[in-house]
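# Chain and residue survey
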Amino acid sequence: MEHSAEELELIRRYEESTDPAVLEFVDKVLNGEDKLNYITIAFLPKSAADKIEKLTGKKVQGSRVVLDINAIRHIENRHGANGEQDHSMERAEDIARMGYVIMNFDEIEYDDVATTGYLDENGQPSPMIRISKKIDGTYYVIEAVNSSKKQRNYIVTAYISNKKEQ
């Protein structure tokens, strides 16, 4: 498949965005270390925080986005090398590029779905948003939105769809 110069530049920036600290964290989790808690992968840019607040009503300005051991295990089980759904996240480097996707998102969507895996400041299931970035395909990050005092959004899962979108 041929790519335009713009698409090639986007792919290059994506490939170069691997966060070494996140990659090390992911590798440790995948190698069985279970004493790890989470790692911060990004701080929500203002444009993302504004969009999330508009969609969910949650104030998330200045929130950090964290990747925890449960999310890595979920990504590995569903989208890893032996994933039940697909193998789009079989490379740990792709997981370690999640911060780039969040900081350079194309779209943020909310389908009025919440997760009981993470609770908001009122003890209610946290709304789940979908952040996407077109790369060579589309990279999706699913986050649980939490406007608590901790100021953390939690990664639920991530995957890459290779379907060409117009």
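The structure this text deals with has already been given above.
Residues numbered from 1 in each chain as written. Predicted model: local features only at pLDDT ≥ 70, side-chain atom pairs only at ≥ 80, totals over all residues. Heavy atoms only, no water.

With 40 residues, the main nonpolar core has Ile41, Leu67, Met98, Ile102, Tyr139, Val141 and Ile155 as its most contacted residues. Considering each element in turn, this core owes the most residues, five residues, to helix H2 (residues 20-30). Residues in contact with Ile155, not counting those within four places in the same chain, are Ile41, Val65, Val66, Leu67, Ala71, Met98, Ile102, Tyr118, Val141, Ile142 and Glu143. (Core = buried A, V, L, I, M, F, W, Y, C linked by side-chain atoms within 4.5 Å. Buried < 20%, exposed > 50% of the residue type's maximum accessible area, 1.4 Å probe, protein only. Helix = DSSP H or I, 4+ residues; strand = E, 2+ residues; numbered from the N terminus. Contact = heavy atoms within 4.5 Å.)

The next point concerns the packing of H2 against helix H4 (residues 69-79). Two elements in contact, H2 and H4, have axes separated by 10 Å at closest approach and are oriented at 70°. Overall, the two elements H2 and H4 adopt an arrangement that is roughly perpendicular. Here Phe25, Val26, Val29 and Leu30 of H2 come into contact with H4, specifically with Ile69, Ile72, Arg73 and Glu76. Within the contact of H2 with H4, the residues separate by chemical class into six nonpolar, no polar and two charged. (Axes fitted to C-alpha atoms, helices over the stretch in contact; angles between N-to-C directions. Parallel < 35°, antiparallel > 145°, perpendicular 65-115°, else oblique. Nonpolar A, V, L, I, M, F, W, Y, C, P; charged D, E, K, R; others polar.)

A few words on the packing of aromatic side chains. Inspection of the entire model under this criterion finds four aromatic pairs. Each ring, one from Tyr14 and one from Tyr139, has its centre 6.1 Å from the other, and the planes form 65°; the classification is edge-to-face. Of this pair, Tyr14 sits in helix H1 (residues 5-15) while Tyr139 sits in strand E5 (residues 137-144), and the two are 125 residues apart along the sequence. Across the pair, exposure class does not vary: Tyr14 and Tyr139 are buried alike. For the ring pair Tyr118 and Tyr154, a centre distance of 4.8 Å and an interplane angle of 15° mean the geometry is stacked. Taken together, the residues span a long stretch of sequence, with Tyr118 in strand E3 (residues 107-119) and Tyr154 in strand E6 (residues 152-161) at a distance of 36 residues. Accessibility expressed as a relative area gives 16% for Tyr118, which makes it buried. By relative accessible area, Tyr154 is classed as buried at 12%. Members of the aromatic cluster, joined through ring pairs, are Tyr14, Tyr100 and Tyr139. Geometry around Tyr14 places Arg97 over its ring, the cationic atom sitting 5.0 Å from the centre. (Phe/Tyr/Trp six-rings, centres within 6.5 Å; stacked < 30°, edge-to-face > 60°. Lys NZ or Arg CZ within 6 Å of the ring centre and 35° of its normal.)

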